[in-house]
Amino acid sequence: MKTLIIEMIEPKRLGELVTVSREFCEQPDMVAVGAGQIPGSFGKAYQVADTVAANLVSDLASLILKEGYEIVLLTASTLGSGIAAPLSVKLSAPVVSEVIGIKPDLVVERPLYGGKAVATYKLNKMPAILTIRRKYFEAADLQGFTDSSPLSIAEKKVALIAEKEEKTEGIPLEDAEVIVSGGRGIGAAENFTMLQDVADLLNGAVGASRGAVDEGWVQPTQQVGQTGKIVAPGVYFAIGISGASQHLAGIANAKCVVAINKDEEANIFKRARFGIVSDYKKIVPVLIETLKEEA
Amino acid sequence: MFGRNEAMRRSIRLKTGGYPMHIVVLAKVVPDYEVPAGDFELTNSRAHSRYKRMMGLYDENAIESGVQLKEKYSASLTIVSYGIKADIQVLRKAVAMGGEKLSLVLGGSDDPNVIAANLKMAVEKLEDVDLILAGQQSADMDRGIVHGMLAEMLGFAFIPQVAKIEQEDGQWKVIQNTESGSSELKFGGKAVLSITSVPENVPRIPVVRSIFAAKKKPVVQLPEIEGDAMPVDELSVDIPKMESVCEFLPTEDDPAETAKILLGRLREERLI
């Protein structure tokens, strides 16, 4: 099936979409959004400098119709969600978002009810648009680079004034093998330094639940969960996190969850491999000391 | 001749000298999304009907954002929903937070195309809508696509993951959260914005006076129109098994010992 990937030039996101594309074709085509060389080998590659989803939809629709693409793949991301739904209306095409599984015969799976259920759908019409949830497909190793031709944008509905990168020291959350996350139970922004200490000693990254982000204690880029980052670390420390299903949806692929919570009834213990029922302020400082002694 | 609402908005324009602004917030009433995974049950492939119905998780952030815009720019604010008649009592909370009226399309479809077409019909009946806000995704189907579909159907721009909205030089300026930070975007036309949660839009708790006042505010109930369903068959909905068994580590005596046991177990399993 003729498949088109639409994605930023970010090797891991792109690699995951290439893996998914192999369920449908041998070599997909690609629309690269933003500047830079396109890693990997694609049949055809197009490139568009404008990164605002609202400006891309019309011209992407024209390209898809002209080239006869049957499957369109995007990451479930700010860019992907900005393109997928309007594009589906433009093309009268089905769209399935947050796909976590692909089966033969155009059958796909996606979570609903905050990850408490999984629905299976069959796509009945082409083209079909899929946004792929991160960390559910191994990223393909992208060899070499593909030359691109420019994709021009006819109408600029929305102007990009500025972009701000939240600088995180150390390993990005999505790539970390150890994540130390805090929730509302952490109590204050300054207490996250304790979590950072644990993360630093284990070569990991600091995450947070939606509650902690809503309190303004950490940046939204650190939010883990269904509507934040989807992560798949070896160890996920959930500290002062109750374990709402929306948070658990973001750590479904974590190998081991360590829960530290003073409420023994907290839902997080149902997902945890190891549980410590205690005030984190008693455990985390000694965890830091022990790690320092062992270093 | 103008209707009463139009006349009111024109008077606002005269009073403020600004653009007569009408904001719509889309709100969806969903089954209790706080039911823990272990207790979650399905009937007919949907959340069990015994779960209480409540406002969508992010929809409350969108309502709060809408109310703040209304207060800042003397706009009017309408809540639009698609759902069942019993949802009205839940949606009155949205009105109590600061909405002026509620427009509910009566229908029970889960199809995003059908829902978007019905929301379009309801918005078009309001005629002069400038800006539509919606939670970034519903708290039941979790698709995050209906608002983007609605935008395209209306010919509006669609901007997801919006954290902040303000007017500047007659245009809208928004901050959009991205995976790596944020983008500042500006546009002059009409748009649908999906709203994410940030500390600035934590939903207010309506005061008792507003709750009583909301009961008197107009509720327009619209019959559903037939929309084209999305060409996708739902084959099944299942509850995945959670197989994790938690091993509770001892904590009574010595936290340092607990820390050592934990690190030892993680090393045994080659996790750190």
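Residues numbered from 1 in each chain as written. Chains lettered and ligands numbered in written order. Predicted model: local features only at pLDDT ≥ 70, side-chain atom pairs only at ≥ 80, totals over all residues. Heavy atoms only, no water.

### So, the overall build of chain B
Secondary structure assignment for chain B yields seven helices and 15 strands. For chain B, the C-alpha atoms occupy an extent of roughly 80 × 45 × 40 Å along the three principal directions. Out of the 272 residues in chain B, the part that is buried amounts to 54%. With 33 positive and 40 negative side-chain charges, chain B shows a spacing of 10 Å between the two charge centroids. (Helix = DSSP H or I, 4+ residues; strand = E, 2+ residues; numbered from the N terminus. Buried < 20%, exposed > 50% of the residue type's maximum accessible area, 1.4 Å probe, protein only. Lys, Arg positive; Asp, Glu negative; His and termini not counted. Charge placed at Lys NZ, Arg CZ, Asp CG, Glu CD.)

### Observations concerning the overall build of chain A
Check the secondary structure of chain A and you find seven helices and 18 strands. Here the C-alpha radius of gyration of chain A, 21 Å, is about what a compact globule of 295 residues would show, namely 19 Å. Taken along its principal axes, the extent of the C-alpha atoms in chain A is 65 × 40 × 35 Å. Within chain A, contacts between residues at least 6 apart in sequence are counted, and of these 62% link residues at least 24 apart. Working note: accessible area of chain A is about 11,100 Å², and carbon and sulfur atoms make up 48% of it. (Rg over C-alpha atoms; globule rule 2.2 N^0.38 Å. Contact = heavy atoms within 4.5 Å. Areas by Shrake-Rupley, 256 points an atom, 1.4 Å probe, with all protein chains shown as cover.)

### Section: the interface of chain B and chain A
In this assembly, 80 residues from chain B lie in contact with 84 residues from chain A. Around 6,900 Å² of area is buried between chain B and chain A when both sides are counted, 60% of it from carbon and sulfur atoms. There are five salt bridges connecting chain B and chain A. When the shortest N-O distance is used, the salt bridge between Glu269 of chain B and Arg273 of chain A registers 2.9 Å. At the surface where chain B touches chain A, the tally comes to 37 residue pairs in polar contact (both at pLDDT 80 or more). When residues in the side of chain B that touches chain A are grouped by element, the largest group, ten residues, is from helix α7 (residues 255-268) of chain B. (Buried area = accessible area lost by both parts, 1.4 Å probe. Salt bridge = Lys/Arg side-chain N within 4 Å of Asp/Glu carboxyl O. Polar contact = N/O pair within 3.5 Å; in protein donor to acceptor, adjacent residues only side chain to side chain.)

### A closer look at the environment of Ile5 of chain A
All names here are of chain A. Assignment of secondary structure puts Ile5 in strand β1 (residues 3-8). Classification of Ile5 by relative accessible area gives buried; the value is 0%. With near-sequence residues (within four places) excluded, Ile5 lies in contact with Leu14, Leu17, Val18, Ser21, Pro28, Asp29, Met30, Val31, Phe42 and Leu73.

### Observations concerning helix α4 (residues 192-201) of chain A
Residue and element names in this part refer to chain A. Within the sequence span of α4, burial applies to Phe192, Met194, Leu195, Val198 and Ala199. The arc that holds every buried residue of α4, seen down its axis, measures 150°, which confines them to one face. Among the structural elements, β14 (178-182), β15 (205-208), α5 (210-214), β16 (235-239) and α7 (280-294) are those in contact with the buried residues of α4. Downstream of α4 by a residue or two, Asn203 has a phi angle that is positive, lying close to 55°. (Arc of directions from axis to C-beta.)

### Side note on the pairing of strand β1 (residues 22-26) of chain B
All names here are of chain B. Counting buried residues in β1 gives five out of five residues, a clear majority hidden from the surface. Neither face of β1 is open: one carries His22, Val24 and Leu26, the other Ile23 and Val25, and all of them are buried. For β1 and strand β6 (residues 76-83), the ladder comprises five bridges, and the chain directions are parallel. By the bridge assignment for β6, Val24 is matched with Thr78. Of the strand pairs in this sheet, β1 and strand β8 (residues 131-135) are connected by four bridges, and their pairing is parallel. (Pairing = 2+ DSSP bridges.)

### So, the pairing of β8 of chain B
Residues and elements named next belong to chain B. Burial analysis of β8 places five of its five residues in the buried class, the great majority of the element. The side-chain alternation of β8 yields two buried faces, one formed by Leu131, Leu133 and Gly135 and the other by Ile132 and Ala134. Pairing geometry for β8 and strand β12 (residues 191-195), over five bridges, is parallel. Bridging from a neighbouring strand, Gly135 pairs with Ile195 of β12.

### With respect to the pattern of salt bridges
All names here are of chain B. All told, the structure shown has 35 salt bridges over all chains when counted by the stated rule. The salt bridge involving Lys72 is made with Glu166; its shortest N-O contact spans 3.9 Å. Taken together, the positions of Lys72 in helix α2 (residues 57-73) and Glu166 in strand β9 (residues 157-168) put the pair 94 residues apart, joining distant regions of the chain. For Lys72, a relative accessible area of 53% puts it in the exposed group. Linked through salt bridges whose partners overlap, the residues forming this network are Lys72, Glu166, Glu168, Asp169, Lys173, Glu184 and Lys186.

### Some words on the packing of helix α2 (residues 53-67) of chain A against helix α3 (residues 78-91) of chain A
Residue and element names in this part refer to chain A. Interhelical geometry of α2 versus α3 gives an angle of 50° and a closest axis separation of 9 Å. One finds that α2 runs oblique with respect to α3. Considering the relative orientation of α2 and α3, their crossing is right-handed. Here α2 contributes Ala53, Leu56, Val57, Ser58, Leu60, Ala61, Ile64 and Leu65 to the contact with α3, which in turn contributes Leu79, Gly82, Ile83, Pro86, Leu87, Lys90 and Leu91. Looking at the contact of α2 with α3, its residues break down into twelve nonpolar, two polar and one charged. (Axes fitted to C-alpha atoms, helices over the stretch in contact; angles between N-to-C directions. Parallel < 35°, antiparallel > 145°, perpendicular 65-115°, else oblique. Left-handed = near helix turned anticlockwise from the far one by under 90°. Nonpolar A, V, L, I, M, F, W, Y, C, P; charged D, E, K, R; others polar.)

### Side note on the sheet that holds β16 of chain A
One open sheet holds the six strands; their spatial order is β15(A)-β14(A)-β16(A)-β17(A)-β18(A)-β15(B), and the pairing between them is parallel. On the outer flanks of this sheet lie β15 of chain A together with β15 (247-248) of chain B, each paired with one strand and no other. Pairing analysis gives five bridges linking β16 of chain A to strand β17 (residues 256-261) of chain A, with the strands arranged parallel. Across the sheet, the residue bridging to Ala238 of chain A is Ala259 of chain A, located in β17 of chain A. Against the sheet, α7 of chain A makes contact with β16, β17 and β18 (274-277) of chain A, and its axis sits at roughly 140° relative to β16 of chain A, the strand it touches most. Its contacts with the sheet put α7 of chain B on β16, β17 and β18 of chain A together with β15 of chain B, and the angle it makes with β18 of chain A is roughly 170°.

### Section: the confidence of the model for chain B
Residues and elements named next belong to chain B. When the pLDDT values of chain B are averaged, the result is 91; 93% of them are 70 or greater. Counting contacts from residues 1-17, a segment whose pLDDT is below 50, to residues more than four positions away or on other chains yields 15 contacts. Predicted complex metrics record ipTM = 0.90 and pTM = 0.91. (pLDDT = per-residue confidence, 0-100.)

### Description of the nonpolar core
Ranked by size, the top nonpolar core spans 90 residues in total, and within it Ile6, Leu87 and Leu130 of chain A together with Ile132 of chain B carry the most contacts. Ranked by residues supplied to this core, first place goes to helix α4 (residues 112-126) of chain B with eight residues. (Core = buried A, V, L, I, M, F, W, Y, C linked by side-chain atoms within 4.5 Å.)

### Points about the environment of Ala86 of chain B
Along the chain, Ala86 of chain B falls in the loop between β6 and α3 (88-97). For the pair Ala86 of chain B and Arg265 of chain B, spaced 179 residues apart in the sequence, the C-alpha separation amounts to 52 Å.

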